[in-house]
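Tertiary structure, described
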Amino acid sequence: MKKLARILVPVDGSDGSGRAVALASDLAEIVGAALDILYVSYFDRETDAQEESWLPDSIAGPVGDKAQNILERAGEHVSTGVLADYHHRTGIPADEILRFAEENASDLIVVGGRGLGLMEGFLLGSVSQAVVERAITSVVVAK
Amino acid sequence: MIKNILVPVDGSEGSDRAVAEAIALAEACEGKLNFLYVANINQLAINACLSDAILEAVTKAGNVILDRAMEMVPSGISKEAFSETGSPAVVILDFAATNDMDLIVMGSRGLGVVKGVLLGSVSQYIVEQSKCPVLVVK
């Protein structure tokens, strides 16, 4: 196995992604890797062609604050002593995650399984599912 | 922390890569490797009456695969081999829950000596149903 240097953790603010960050942080500590924590939003004002958006502001508005928020919360799960960089991108989450992994030569991706609920365990979540299937690197599904 | 690592093996290339990655992890976190081979007896029973000869052949095939995994592990890392029969995905999840595994390491798809023992569908089922984290090795 080649040495793990960079571990990518996509986050979306859910409990599952919190657990993914915690697990990735443990792994990073064990193998001496650094974390890339990535939040992908579908929309940003920049992605809208119209000046007067027909989309409500909650969707098309600047997602900077929300991204900041989600990344900060993810950061709370990172142990002190583990290096972590924070990234925000706009696009289709699974596509952006995989593109990021390739561009940044991620050695491992850690994703969250779906959180609690009636269907617990039945659905992995479509983004995690796509990452597990399409990633060229190994993927850990946190629980 | 990761102390108990479960590595289901089926002799496929994918499962070899999973073994290699699990060894590296176990070394880093001083965990124990638990190799599990599941003979898909239910499937075999449909194909043939379970004669002793068939059972023996299946057991032998499993032991060869387990021995090979065990031999890959450098000394100093604790390891144990287990052999079970049944439906692989169900047995693997049962084993993980009963024996308090912290992580399951498995290949993304395999096609072993006993065909169909660790297909992509097994990995898929385990990734979805497992209570502990799953590392899918590419």
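You'll find the structure just up there.
A brief report on the enclosed structure follows. (Residues numbered from 1 in each chain as written. Chains lettered and ligands numbered in written order. Predicted model: local features only at pLDDT ≥ 70, side-chain atom pairs only at ≥ 80, totals over all residues.)

Side note on the overall build of chain A
Scanning chain A from terminus to terminus reveals five helices and five strands. Its helices and strands in sequence order give chain A the pattern β-α-β-α-α-β-α-β-α-β, from N to C terminus. Here chain A holds 143 residues, and the buried ones make up 41% of them. Counting contacts in chain A only where the partners sit at least 6 residues apart, residues at least 24 apart contribute 74% of the total. (Helix = DSSP H or I, 4+ residues; strand = E, 2+ residues; numbered from the N terminus. Buried ≥ 20, exposed ≤ 12 C-beta atoms within 10 Å, placed from the backbone. Contact = placed C-beta atoms within 7 Å.)

Examining the nonpolar core
If you look at the biggest cluster of nonpolar residues, it comprises 74 residues, and the most contacted ones within it are Ile7 and Val110 of chain A. Contacts of Ile7 of chain A, omitting those with residues within four sequence positions, involve Ala24, Leu27, Ala28, Ala33, Leu35, Ser106, Asp107, Leu108 and Val110 of chain A. (Core = buried A, V, L, I, M, F, W, Y, C linked by C-beta atoms within 7 Å.)

Digging into the packing of helix H4 (residues 93–103) of chain A against helix H5 (residues 126–134) of chain A
Residues and elements named next belong to chain A. Two elements in contact, H4 and H5, have axes whose closest approach is 9 Å; the angle formed by their N-to-C orientations is 40 degrees. With respect to H5, the axis of H4 lies oblique. Seen along the crossing, H4 lies across H5 with a hand that is right-handed. Contacts from Pro93, Ala94, Ile97 and Leu98 in H4 reach Val127, Ala130, Val131 and Arg134 in H5. (Axes fitted to C-alpha atoms, helices over the stretch in contact; angles between N-to-C directions. Parallel < 35°, antiparallel > 145°, perpendicular 65-115°, else oblique. Left-handed = near helix turned anticlockwise from the far one by under 90°.)

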